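Below, each chain spelled out in residue letters.
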Amino acid sequence: MTQPMAARIALVFDCCFADPKGFNTRLCGGFLEPYYRPAERNQRYHQVEFTLDYAASALHEAAHWCLAGEVRRRLPDYGYWYLPDGRSAEQQAAFEEVEVEPQALEWIFARACGLGFRVSSDNLHSDLGPSDSFKAAIWGRVREYCEKGVNARARAFARALACAFEQPDPFCAEIYQLADLS
């Protein structure tokens, strides 16, 4: 029996980052909500939690972890603010502003796994889907990441995913099209 996609993604992440002498971080599914738990007395490793067994959630939460700096990785949920579903247009615009980078990185990770990517406005109970400017910003950031590079953690994870899932180089800018984000 083959492993579910999210479990395979978590295995790749753990191979890259679980070493206690390294980042000591694991990617774990099965949770109702995503969350990041830094290590503490009762838990000797940092834990990136993703929703249920959803591959997209695993990739998105891995992207947040790859982007979080050392100080943020010491804070529960990286010290980020989060407003639940039902955000106003102004709150949604603020959400989109901070989500460009993680969603761009998620798109690269999805390509590295051979998966499709869908922009998330994470605001299901309103009529506010992802704006065209949000989609354009994600696409632009992906192209920038491909051309200028990403940090070492993001690069290592993307390349390990591409190897594990037998996919081509996910840092080829030409494979990302704005029209794919419709």
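Heads up: the structure comes first, above all this text.
Residues numbered from 1 in each chain as written. Predicted model: local features only at pLDDT ≥ 70, side-chain atom pairs only at ≥ 80, totals over all residues. Heavy atoms only, no water.

## Some remarks on the nonpolar core
- One finds I9, L105, F109, F157 and L161 to be the most contacted residues of the largest nonpolar core, which totals 46 residues.
- Every element with two or more residues in this core is listed here: α1 (5-17), β3 (46-51), α2 (55-67), α3 (89-113), α4 (132-148) and α5 (152-164).
- The biggest single contributor to this core is α3, with 9 residues.
- Other than its neighbours up to four places away in sequence, L105 contacts A63, C66, L67, Y145, V150 and A154. (Core = buried A, V, L, I, M, F, W, Y, C linked by side-chain atoms within 4.5 Å. Buried < 20%, exposed > 50% of the residue type's maximum accessible area, 1.4 Å probe, protein only. Helix = DSSP H or I, 4+ residues; strand = E, 2+ residues; numbered from the N terminus. Contact = heavy atoms within 4.5 Å.)

## Let's talk about α2
- Relative to the 18 Å expected for 13 residues at 1.5 Å per residue, α2 spans 18 Å between its end C-alpha atoms, a close match to the ideal helical length.
- Buried within α2 are the following residues: A55, S57, A58, L59, H60, E61, A62, A63, H64, W65 and C66. (Expected span 1.5 Å × (residues − 1).)

## As for the packing of aromatic side chains
- For the structure on display, the rule yields 11 aromatic pairs.
- Ring geometry for W107 and F117: centres 5.6 Å apart, planes at 20 degrees, overall stacked. Here W107 is found in helix α3, whereas its partner F117 is found in the loop between α3 and α4, with 10 residues between them in sequence.
- In this structure F117 comes out as buried when scored by relative accessible area, which is 13%.
- Between F109 and F157, the ring centres sit 4.8 Å apart and the planes meet at 80 degrees, which makes this aromatic pair edge-to-face. Of this pair, F109 sits in helix α3 while F157 sits in helix α5, and the two are 48 residues apart along the sequence.
- Judged by its relative accessible area of 0%, F109 is buried.
- One aromatic cluster is present, formed by F13, F17, F23, W65, F109 and F157 through successive ring pairs.
- In this arrangement the basic side chain of R26 is found over the ring face of Y45, its NZ or CZ atom lying 3.9 Å from the centre. (Phe/Tyr/Trp six-rings, centres within 6.5 Å; stacked < 30°, edge-to-face > 60°. Lys NZ or Arg CZ within 6 Å of the ring centre and 35° of its normal.)

## Some details on the sheet that holds strand β1 (residues 25-31)
- Read from one edge of the open sheet, 3 strands run β1-β3-β2, paired in mixed fashion. Strands at the two margins of the open sheet, each flanked by one partner only, are β1 and β2 (35-37). On average, each strand axis in the sheet is inclined to that of its neighbour by 25 degrees, with strand direction left out of account.
- Set on the sheet, α1 makes contact with β1 and β3; between it and β1 the angle comes to about 160 degrees.
- Packing of α2 onto the sheet brings it into contact with β1, β2 and β3, and relative to β3 it is tilted by some 145 degrees. (Pairing = 2+ DSSP bridges. Axes fitted to C-alpha atoms, helices over the stretch in contact; angles between N-to-C directions.)

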